[in-house]
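Listed here are the chains, written in short residue letters.
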Amino acid sequence: MTEINIRIPVEKNDLSIPFTDHELLPFIEKHQKEINDYVIDQLEDKDGGPHLSDFGISALLCNMENNTGSFRLHFKIDRQFCCSDILSCQTDYIDFKFNKSNNTITLTGGYTSWTIQ
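Cut-off values and rules
Residues numbered from 1 in each chain as written. Predicted model: local features only at pLDDT ≥ 70, side-chain atom pairs only at ≥ 80, totals over all residues. Heavy atoms only, no water. Pairing = 2+ DSSP bridges. Helix = DSSP H or I, 4+ residues; strand = E, 2+ residues; numbered from the N terminus. Buried < 20%, exposed > 50% of the residue type's maximum accessible area, 1.4 Å probe, protein only. Polar contact = N/O pair within 3.5 Å; in protein donor to acceptor, adjacent residues only side chain to side chain. Contact = heavy atoms within 4.5 Å. Core = buried A, V, L, I, M, F, W, Y, C linked by side-chain atoms within 4.5 Å. Salt bridge = Lys/Arg side-chain N within 4 Å of Asp/Glu carboxyl O.

S.K.: Looking at this model, I keep getting lost on the pairing of strand β3 (residues 68-81). Mind explaining?
M.R.: Successive side chains on a regular strand alternate, one facing one side of the sheet and the next facing the other. Pairing of strand β2 (residues 51-63) with β3, which is carried by nine bridges, proceeds in the antiparallel orientation. Note that in β3 the partner of Leu 52 across the bridge is Ile 77. Taking the residues between adjacent antiparallel strands as the criterion, β2 and β3 are bridged by four residues, where Asn 67 takes a positive phi near 55°.

S.K.: Would you take a moment to explain the environment of Phe 71 for this structure?
M.R.: Counting through the fold element by element, Phe 71 comes out in strand β3. Taking the relative accessible area as the measure of exposure, Phe 71 reaches 2% and is therefore buried. Each C-alpha atom of the pair Phe 71 and Ile 94 lies 8.6 Å from the other, and the pair is 23 residues apart in sequence.

S.K.: Looking at this structure, I do not really get the side chain of Asn 36. What am I missing?
M.R.: Topologically, Asn 36 is positioned in helix α2 (residues 32-42). Among the residues examined, Asn 36 registers a relative accessible area of 16% and is labelled buried. Looking at Asn 36, its side chain comes within polar contact range of the main-chain nitrogen of Leu 52, at 2.7 Å. In contact with Asn 36, other than residues within four places in its own chain, are His 51 and Leu 52.

S.K.: Got a minute to help me understand the environment of Gly 109 in this structure?
M.R.: In this fold, Gly 109 is placed in strand β5 (residues 104-110). Between the alpha carbons of Gly 109 and Lys 97 there is a distance of 6.4 Å; along the sequence they are twelve residues apart. Setting aside chain neighbours within four positions, we find Gly 109 in contact with Glu 3, Ile 4, Tyr 38, Ile 94, Asp 95 and Phe 96.

S.K.: Teacher, can you tell me more about the side chain of Asp 78 here?
M.R.: By the element assignment, Asp 78 lies in strand β3. At 2.4 Å, the side chain of Asp 78 and the side chain of Ser 53 are in polar contact. With near-sequence residues (within four places) excluded, Asp 78 lies in contact with Gly 49, Pro 50, His 51, Ser 53, Ser 88 and Cys 89.

S.K.: Honestly, the environment of Gly 69 in this entry has me stumped. Any pointers?
M.R.: Locating Gly 69 in the fold gives a position in strand β3. The buried category is assigned to Gly 69, whose relative accessible area is 15%. Expressed as a C-alpha distance, the spacing of Gly 69 and Lys 97, which sit 28 residues apart in the sequence, is 5.8 Å. Not counting residues within four places of it along the chain, the set of residues in contact with Gly 69 comprises Leu 61, Cys 62, Phe 96, Lys 97 and Phe 98.

S.K.: Help me understand the nonpolar core in this model?
M.R.: A general trend in soluble globular proteins is that nonpolar side chains are found buried together. Within the largest apolar cluster, 27 residues are counted, with the highest numbers of intra-cluster contacts made by Ile 28, Ile 35, Val 39, Phe 71, Leu 73, Phe 75 and Leu 107. Mapped onto this core, the elements with two or more residues apiece are β1 (3-9), α1 (21-29), α2, β2, β3, β4 (86-101) and β5. The contact partners of Ile 28, leaving out residues within four places of it in the chain, are Ile 35, Ile 57, Phe 71, Leu 73 and Leu 107.

S.K.: Even after reading the chapter, I still don't get the pattern of salt bridges, so can you show me in this structure?
M.R.: Side-chain pairing between opposite charges can occur once the charged atoms of the two side chains come close. Taken as a whole, this structure holds three salt bridges when the rule is applied. With a shortest N-O distance of 3.3 Å, Asp 54 and Lys 76 are connected by a salt bridge. Placement of the pair is Asp 54 in strand β2 and Lys 76 in strand β3, with a sequence separation of 22 residues. Its relative accessible area of 52% is what places Asp 54 among the exposed residues. The residue Arg 72 makes a salt bridge to Asp 95 at a minimum N-O spacing of 2.7 Å. On the criterion of sequence distance, the pair formed by Arg 72 in strand β3 and Asp 95 in strand β4 is long-range, its members being 23 residues apart. A relative accessible area of 26% places Arg 72 in the partly exposed class. The class of Asp 95 is partly exposed, set by a relative accessible area of 36%.

Dropping the structure here:
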């Protein structure tokens, strides 16, 4: 499994640990295309032009002592099948770990496609 690494540059007052999911989500949304491309690349079935939507964060844990933590990024994988006008969506997630060093927060996570063959 390949991992995704996202570097979020932050100014001192932009985002400091601890932060809330509401404070983190706008920074995640700036990297939506990168996350979308990563997840779609991991999918075996690319029928219906899959793309991600409805990002959300849960299970946010922050460790102030060493500027680290983790969270779960939820999203929907939307598909539209043009031949039959059928829409579908599947809810999925990536578990991220993060650390803050100087003015950068680095997120690391891995997506697993749970499709049963």
